[in-house]
Amino acid sequence: MAGDHRVTLTRRHAFRTSTNKVKTIRTPGGRHAAQYITKTRKGARCGDCKICLPGIKHMNSTEFKNAKTREKTVSRAYGGSRCHTCVRQRIVRAFLIEEQKVGKKMIAEKMKKSKTA
């Protein structure tokens, strides 16, 4: 016959809240103890497309504050803020806008030459 699996919670209150979840484990001594389960973290998200950023650990705010810089970013422009796809889009967009400006300038010069000639 199985032993008693009831355990006493070791923290402040016994209400079944999202932060007060426990798992009953069996200790090496043979008794049952309550092991508190921490919440799973969402992780850092891209500011543009809202996908989870690869290469950055899923931590809560306190762990994030105490973490090293290399754990919070990736070595790229917009490292811990935007995903690689959005960064690529920004770069391409900026390049095309610059090209458009150059094109407009060249057309304006051609028009000016044709008017004077």
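Scope of this entry: the structure provided in the associated data block. In this text the structure is predicted, and so the values were computed from the model without any measurement.

## Examining the pattern of salt bridges
(1) Moving on: All chains considered together, the criterion is met by five salt bridges.
(2) Moving on: One salt bridge in this structure joins arginine 82 and aspartate 48, with 3.2 Å as the shortest N-O distance. Pair noted here: arginine 82 is in the loop between helix H2 (69–72) and helix H3 (84–116) and aspartate 48 is in the loop between strand S2 (32–36) and helix H1 (61–66), with a separation of 34 residues, a long-range link.
(3) Moving on: The exposure class assigned to aspartate 48 is partly exposed, which follows from its relative accessible area of 40%.
(4) Moving on: With a closest N to O distance of 3.6 Å, glutamate 98 and lysine 101 form a salt bridge. Of this pair, glutamate 98 and lysine 101 both sit in helix H3, three residues apart, which is roughly one turn of that helix.
(5) Moving on: One connected set of salt bridges, linked through shared partners, spans Asp48, Arg82 and Arg90.

## Some words on the environment of tyrosine 78
(1) Moving on: Locating tyrosine 78 in the fold gives a position in the loop between H2 and H3.
(2) Moving on: By relative accessible area, which is 44% here, tyrosine 78 ends up partly exposed.
(3) Moving on: In sequence terms tyrosine 78 and cysteine 46 are 32 residues apart; their C-alpha atoms lie 9.8 Å from each other.
(4) Moving on: Beyond its immediate sequence surroundings of up to four residues, tyrosine 78 is in contact with Val87 and Arg90.

## Comments concerning the nonpolar core
(1) Moving on: Core analysis: the biggest nonpolar cluster contains six residues, these being Ala44, Cys46, Leu53, Ile56, Cys83 and Cys86.
(2) Moving on: Setting aside chain neighbours within four positions, we find leucine 53 in contact with Ala44, Arg45, Cys46, Gly80, Ser81, Arg82 and Cys83.

## Digging into the pairing of strand S1 (residues 22–26)
(1) Moving on: By the bridge criterion, five bridges tie S1 to S2 in an arrangement that is antiparallel. Looking at S2, one finds that isoleucine 25 is bridged to alanine 33.
(2) Moving on: Where S1 folds back on S2, the antiparallel hairpin that results is connected by five residues, among which glycine 30 adopts a positive phi of roughly 100 degrees.

## Some remarks on the packing of aromatic side chains
(1) Moving on: Tallied over the full model, the rule gives zero aromatic pairs.
(2) Moving on: If you follow arginine 11 out to its NZ or CZ, it ends over the ring of tyrosine 36, 3.9 Å from the centre.
(3) Moving on: For the cation-ring pair, arginine 90 lies above tyrosine 78, with the distance from its terminal atom to the ring centre recorded as 4.7 Å.

What counts and how
- Residues numbered from 1 in each chain as written.
- Predicted model: local features only at pLDDT ≥ 70, side-chain atom pairs only at ≥ 80, totals over all residues.
- Heavy atoms only, no water.
- Salt bridge = Lys/Arg side-chain N within 4 Å of Asp/Glu carboxyl O.
- Helix = DSSP H or I, 4+ residues; strand = E, 2+ residues; numbered from the N terminus.
- Buried < 20%, exposed > 50% of the residue type's maximum accessible area, 1.4 Å probe, protein only.
- Contact = heavy atoms within 4.5 Å.
- Core = buried A, V, L, I, M, F, W, Y, C linked by side-chain atoms within 4.5 Å.
- Pairing = 2+ DSSP bridges.
- Phe/Tyr/Trp six-rings, centres within 6.5 Å; stacked < 30°, edge-to-face > 60°.
- Lys NZ or Arg CZ within 6 Å of the ring centre and 35° of its normal.

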